[in-house]
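Secondary and tertiary structure notes
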Amino acid sequence: MIYSFEKLKAWQEARNLAKDIYMLINKFPKVEQFALCDQMRRAAISIPSNIAEGNARTSSKERIHFLEFAY
């Protein structure tokens, strides 16, 4: 099943960015694995998640609110 937000170019690019960040983080020193890397992971996942969440909302105002978070 494909959801409508998965067709959005912004969501696709955000998902690719998240994948790239996860791959990049694997190259970081172990010292950074818990602080900086954790923050980068959460930020990267936040973008496509907020796009998807906004798309699921029924009102335009709510949809825009989540898209602003993603931005």
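Parameters and conventions
Here the residue index of a chain counts from 1 through its sequence in written order. Totals for whole chains, interfaces and linings use every residue, but because this is a predicted model, local features are given only for residues with pLDDT of at least 70 and side-chain atom pairs only at 80 or more, for both listing and counting. Working from all heavy atoms in the structure, the side-chain values ignore hydrogens and water. To obtain an axis, a line is fitted to C-alpha atoms, over the contacting stretch when the element is a helix, and the angle between two such axes runs from 0 to 180 degrees between their N-to-C directions. Here a strand is any run of E in DSSP of at least two residues, a helix any run of H or I of at least four, and the numbering for each starts at the N terminus. Small angles under 35 degrees read as roughly parallel and large ones over 145 as roughly antiparallel, with 65 to 115 read as roughly perpendicular and the rest as oblique. With the far helix as reference, a near helix turned anticlockwise by less than a right angle produces a left-handed crossing, and one turned clockwise produces a right-handed crossing. Note on definitions: a residue-residue contact is assigned when non-hydrogen atoms from the two residues lie within 4.5 Å. When residues are sorted by character, Ala, Val, Leu, Ile, Met, Phe, Trp, Tyr, Cys and Pro go into the nonpolar class, Asp, Glu, Lys and Arg into the charged class, and all the rest, Gly among them, into the polar class. Any Lys or Arg side-chain nitrogen found within 4 Å of a carboxyl oxygen on Asp or Glu counts as a salt bridge. Only protein chains enter the accessibility calculation, which uses a 1.4 Å probe. A residue is then buried if its area is under 20% of the maximum for its type, exposed if over 50%, and partly exposed in between. Two aromatic rings from Phe, Tyr or Trp, using only the six-membered ring of Trp, form a pair when their centres are within 6.5 Å; if the ring planes differ by under 30 degrees the pair is stacked, by over 60 it is edge-to-face, and anything between is tilted.

1. Observations concerning the packing of helix H1 (residues 9-25) against helix H2 (residues 36-56)
Working note: a packed helix pair is described by the angle between its axes plus the distance between those axes. Where H1 contacts H2, the two axes come as close as 9 Å, and the packing angle between them is 165 degrees. Between H1 and H2, the crossing angle belongs to the class labelled roughly antiparallel. H2 is crossed by H1, and the crossing has left-handed handedness. Across from Ala10, Trp11, Ala14, Arg15, Leu17, Ala18, Ile21, Tyr22 and Ile25 in H1, the residues of H2 making contact are Cys37, Met40, Arg41, Ala44, Ile45, Ile47, Pro48, Ile51 and Ala52. Split by residue class, the contact of H1 with H2 holds 16 nonpolar, no polar and two charged.

2. Quick notes on the packing of H2 against helix H3 (residues 60-70)
Two elements in contact, H2 and H3, have axes whose closest approach is 8 Å; the angle formed by their N-to-C orientations is 175 degrees. It follows that H2 is roughly antiparallel to H3 by the angle criterion. Mapping the contact onto sequence places Ile47, Asn50, Ile51, Glu53, Gly54 and Asn55 in H2 and Arg63, Phe66, Leu67, Phe69 and Ala70 in H3.

3. Some details on the pattern of salt bridges
Summed over the entire model, instances satisfying the criterion amount to four salt bridges. Here arginine 57 and glutamate 62 are joined by a salt bridge, their closest N and O atoms 3.3 Å apart. Here arginine 57 falls in the partly exposed class, since its relative accessible area comes to 26%. On the basis of relative accessible area, glutamate 62 is assigned to the partly exposed category, the value being 32%.

4. Side note on the environment of alanine 43
Residue position: alanine 43 is located in helix H2. Assessed through its relative accessible area of 45%, alanine 43 is described here as partly exposed. The sequence separation of alanine 43 and alanine 70 amounts to 27 residues, and the corresponding C-alpha distance is 9.4 Å.

5. With respect to the packing of aromatic side chains
Using the criterion set out here, one finds three aromatic pairs in the structure. Summarising the aromatic geometry, the rings of tyrosine 3 and phenylalanine 5 are spaced 5.9 Å apart at their centres and angled 10 degrees between planes, so their arrangement reads as stacked. The class of tyrosine 3 is partly exposed, set by a relative accessible area of 44%. Using a relative accessible area of 16% as the deciding quantity, one classes phenylalanine 5 as buried. Measuring from centroid to centroid gives 5.9 Å for phenylalanine 66 and phenylalanine 69, while their planes differ by 85 degrees, and the two rings are edge-to-face. Note that phenylalanine 66 and phenylalanine 69 are positioned in helix H3 at a spacing of three residues, about one turn of the helix. Phenylalanine 66 gets classed as buried once you look at its relative accessible area, which sits at 15%. Grouping aromatic residues by their ring pairs yields a cluster made of Tyr3, Phe5 and Trp11.

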